Amino acid sequence: RVVAIVDVGHGSTTVVLAAFSNSSARVLSSESREGLGTARINAAMMTHFSAQVEATHGAGSCASAKAKYRLAGAVEKLKRMLSTLDVTSVGVDGLIPDTDVSLKMTRVELEAMAAPICEEVSALVKLVLARAPGEVHAVEVVGGGTRTPCIAAGIQE
(Lines give C-alpha, C1' and ligand atoms only; values in the text may rest on other atoms or scores of the structure.)
Protein backbone atom coordinates (compact mmCIF):
# COMPACT_ATOMS: atom_id res chain seq x y z
CA ARG A 1 0.00 0.00 0.00
CA VAL A 2 1.46 3.36 -1.09
CA VAL A 3 0.59 6.46 0.94
CA ALA A 4 1.51 10.11 0.44
CA ILE A 5 1.91 12.19 3.60
CA VAL A 6 1.68 15.97 3.18
CA ASP A 7 2.75 18.18 6.09
CA VAL A 8 2.15 21.91 5.64
CA GLY A 9 3.41 23.71 8.70
CA HIS A 10 4.17 27.25 9.73
CA GLY A 11 7.66 27.36 8.30
CA SER A 12 8.00 24.46 5.88
CA THR A 13 6.22 21.86 3.78
CA THR A 14 7.20 18.20 3.48
CA VAL A 15 5.75 15.54 1.20
CA VAL A 16 6.65 11.89 1.73
CA LEU A 17 5.70 8.92 -0.43
CA ALA A 18 5.86 5.69 1.58
CA ALA A 19 5.10 2.04 0.95
CA PHE A 20 3.55 0.11 3.83
CA SER A 21 3.14 -3.64 4.21
CA ASN A 22 2.20 -5.83 7.15
CA SER A 23 5.80 -6.08 8.28
CA SER A 24 7.57 -2.97 7.00
CA ALA A 25 7.46 0.63 5.91
CA ARG A 26 9.73 2.12 3.26
CA VAL A 27 10.16 5.72 2.12
CA LEU A 28 9.96 5.83 -1.66
CA SER A 29 10.46 9.56 -2.13
CA SER A 30 10.38 12.78 -0.15
CA GLU A 31 10.76 16.49 -0.71
CA SER A 32 10.79 19.35 1.74
CA ARG A 33 10.80 23.11 1.25
CA GLU A 34 11.91 25.40 4.06
CA GLY A 35 10.07 28.71 3.95
CA LEU A 36 7.05 27.20 2.21
CA GLY A 37 4.55 27.39 5.03
CA THR A 38 1.71 29.39 6.43
CA ALA A 39 4.10 32.02 7.83
CA ARG A 40 4.20 33.44 4.29
CA ILE A 41 0.40 33.74 4.27
CA ASN A 42 0.52 35.47 7.64
CA ALA A 43 3.18 37.87 6.34
CA ALA A 44 1.03 38.79 3.34
CA MET A 45 -1.96 39.37 5.60
CA MET A 46 0.14 41.46 8.01
CA THR A 47 1.33 43.65 5.14
CA HIS A 48 -2.24 44.07 3.86
CA PHE A 49 -3.77 44.95 7.23
CA SER A 50 -0.86 47.16 8.34
CA ALA A 51 -1.35 49.25 5.20
CA GLN A 52 -5.11 49.33 5.74
CA VAL A 53 -4.83 50.43 9.39
CA GLU A 54 -2.18 53.03 8.59
CA ALA A 55 -4.29 54.44 5.75
CA THR A 56 -7.21 54.84 8.13
CA HIS A 57 -5.46 55.83 11.37
CA GLY A 58 -2.21 57.41 10.21
CA ALA A 59 1.32 56.35 9.38
CA GLY A 60 3.12 54.49 12.13
CA SER A 61 -0.09 53.08 13.64
CA CYS A 62 1.29 49.55 13.45
CA ALA A 63 4.97 50.36 14.02
CA SER A 64 5.36 49.38 17.68
CA ALA A 65 6.20 45.84 18.74
CA LYS A 66 2.99 45.73 20.80
CA ALA A 67 0.86 46.72 17.79
CA LYS A 68 2.58 44.16 15.57
CA TYR A 69 2.02 41.44 18.17
CA ARG A 70 -1.69 42.24 18.46
CA LEU A 71 -2.09 42.49 14.70
CA ALA A 72 -0.33 39.12 14.25
CA GLY A 73 -2.76 37.51 16.70
CA ALA A 74 -5.73 38.97 14.83
CA VAL A 75 -4.33 37.82 11.48
CA GLU A 76 -3.90 34.25 12.75
CA LYS A 77 -7.46 34.27 14.11
CA LEU A 78 -8.85 35.58 10.80
CA LYS A 79 -6.97 32.93 8.83
CA ARG A 80 -8.34 30.13 11.03
CA MET A 81 -11.89 31.47 10.86
CA LEU A 82 -11.71 31.72 7.06
CA SER A 83 -10.96 28.00 6.83
CA THR A 84 -14.67 27.44 7.54
CA LEU A 85 -16.37 30.79 6.79
CA ASP A 86 -16.69 32.79 3.58
CA VAL A 87 -16.36 36.17 5.30
CA THR A 88 -15.42 37.20 8.82
CA SER A 89 -14.11 40.04 10.90
CA VAL A 90 -12.18 40.31 14.12
CA GLY A 91 -11.75 43.17 16.56
CA VAL A 92 -8.25 44.10 17.67
CA ASP A 93 -8.20 45.53 21.18
CA GLY A 94 -5.46 47.98 22.05
CA LEU A 95 -3.98 48.23 18.57
CA ILE A 96 -4.49 51.98 18.66
CA PRO A 97 -5.19 53.74 21.98
CA ASP A 98 -8.83 54.71 22.51
CA THR A 99 -9.84 53.33 19.09
CA ASP A 100 -11.62 50.10 18.20
CA VAL A 101 -10.14 48.50 15.12
CA SER A 102 -11.97 45.81 13.19
CA LEU A 103 -10.35 43.76 10.45
CA LYS A 104 -12.57 42.18 7.81
CA MET A 105 -11.64 39.68 5.12
CA THR A 106 -13.31 37.27 2.74
CA ARG A 107 -12.09 33.82 1.84
CA VAL A 108 -11.68 35.02 -1.77
CA GLU A 109 -9.29 37.77 -0.58
CA LEU A 110 -7.35 35.29 1.55
CA GLU A 111 -7.04 32.84 -1.31
CA ALA A 112 -5.81 35.60 -3.64
CA MET A 113 -3.08 36.49 -1.14
CA ALA A 114 -2.22 32.83 -0.59
CA ALA A 115 -2.34 31.79 -4.27
CA PRO A 116 1.45 31.73 -4.85
CA ILE A 117 2.00 29.61 -1.73
CA CYS A 118 -0.87 27.28 -2.64
CA GLU A 119 0.55 26.80 -6.13
CA GLU A 120 4.00 25.97 -4.72
CA VAL A 121 2.53 23.39 -2.32
CA SER A 122 0.51 21.84 -5.15
CA ALA A 123 3.60 21.66 -7.38
CA LEU A 124 5.60 19.99 -4.59
CA VAL A 125 2.86 17.38 -4.07
CA LYS A 126 2.69 16.70 -7.83
CA LEU A 127 6.48 16.34 -7.99
CA VAL A 128 6.51 13.64 -5.32
CA LEU A 129 3.39 11.85 -6.61
CA ALA A 130 4.94 11.66 -10.08
CA ARG A 131 7.59 9.40 -8.55
CA ALA A 132 5.02 6.85 -7.35
CA PRO A 133 5.69 3.37 -8.72
CA GLY A 134 1.97 2.84 -9.29
CA GLU A 135 -1.28 3.75 -7.64
CA VAL A 136 -1.25 5.95 -4.55
CA HIS A 137 -3.82 4.44 -2.20
CA ALA A 138 -4.19 7.36 0.19
CA VAL A 139 -3.06 10.90 0.88
CA GLU A 140 -2.77 11.85 4.54
CA VAL A 141 -2.51 15.51 5.52
CA VAL A 142 -1.02 16.91 8.71
CA GLY A 143 -0.12 20.37 9.89
CA GLY A 144 -2.25 23.43 10.41
CA GLY A 145 -1.60 24.73 6.91
CA THR A 146 -3.66 21.95 5.39
CA ARG A 147 -6.79 23.69 6.75
CA THR A 148 -6.24 26.63 4.42
CA PRO A 149 -8.86 26.01 1.70
CA CYS A 150 -6.66 26.70 -1.35
CA ILE A 151 -3.87 24.50 0.06
CA ALA A 152 -6.35 21.69 0.73
CA ALA A 153 -7.73 22.06 -2.81
CA GLY A 154 -4.22 21.95 -4.28
CA ILE A 155 -3.49 18.73 -2.39
CA GLN A 156 -6.77 17.15 -3.54
CA GLU A 157 -5.92 17.80 -7.19
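The structure reproduced in this document is the subject of the present report.

Rules used throughout
- Residues numbered from 1 in each chain as written.
- Predicted model: local features only at pLDDT ≥ 70, side-chain atom pairs only at ≥ 80, totals over all residues.
- Heavy atoms only, no water.
- Pairing = 2+ DSSP bridges.
- Helix = DSSP H or I, 4+ residues; strand = E, 2+ residues; numbered from the N terminus.
- Axes fitted to C-alpha atoms, helices over the stretch in contact; angles between N-to-C directions.
- Contact = heavy atoms within 4.5 Å.
- Disulfide = S-S within 2.5 Å.
- Buried < 20%, exposed > 50% of the residue type's maximum accessible area, 1.4 Å probe, protein only.
- Left-handed = near helix turned anticlockwise from the far one by under 90°.
- Nonpolar A, V, L, I, M, F, W, Y, C, P; charged D, E, K, R; others polar.
- Core = buried A, V, L, I, M, F, W, Y, C linked by side-chain atoms within 4.5 Å.

### Comments concerning the sheet that holds strand β2 (residues 12–20)
Then comes step 1: Read across the open sheet, the four strands follow the order β3-β2-β1-β6; overall the sheet is mixed. Unpaired on one side and paired on the other, β3 (25–34) and β6 (138–142) mark the two borders of the sheet. In this sheet, neighbouring strand axes are inclined to one another by 15° on average, regardless of whether the strands run parallel or antiparallel.
Then comes step 2: Bridge count between strand β1 (residues 2–8) and β2: seven bridges; the pairing is antiparallel. Each residue of the ladder has a partner; that of Val 3, found in β2, is Ala 18.
Then comes step 3: The sheet strands contacting helix α3 (residues 107–129) are β1, β2 and β3, and the helix crosses β2 at an angle near 25°.

### With respect to the state of the cysteines
Then comes step 1: Within this structure, the stated rule accounts for one disulfide.
Then comes step 2: Here Cys 118 is linked by a disulfide to Cys 150, with a sulfur-sulfur distance of 1.9 Å. Within this pair, whereas Cys 118 is found in helix α3, its partner Cys 150 is found in helix α4 (residues 149–156), the two being separated by 32 residues in sequence.
Then comes step 3: On the accessibility criterion, Cys 150 (15% relative accessible area) is buried.

### Considering the packing of helix α1 (residues 38–57) against helix α2 (residues 65–81)
Then comes step 1: Contact geometry for α1 and α2: axes closest at 10 Å, N-to-C directions at 115°. As for how α1 packs across α2, the hand of that crossing is right-handed. Contacts from Thr 38, Ile 41, Asn 42, Met 45, Met 46, Phe 49 and Ser 50 of α1 reach α2 at Lys 68, Leu 71, Ala 72, Val 75, Glu 76, Leu 78 and Lys 79.
Then comes step 2: Among the residues making up the contact of α1 with α2, the classes are represented as eight nonpolar, three polar and three charged.

### Observations regarding the nonpolar core
Then comes step 1: Ranked by size, the top nonpolar core spans 38 residues in total, and within it Met 45, Phe 49, Leu 71, Leu 95 and Leu 103 carry the most contacts.
Then comes step 2: Those elements that provide at least two residues to this core are β1, β2, α1, α2, β4 (87–96), β5 (99–106), α3 and α4.
Then comes step 3: With eight residues, the single largest contributor to this core is α3.
Then comes step 4: When near neighbours in sequence (up to four residues on either side) are disregarded, Phe 49 contacts Leu 71, Val 75, Leu 78, Leu 103, Lys 104 and Met 105.

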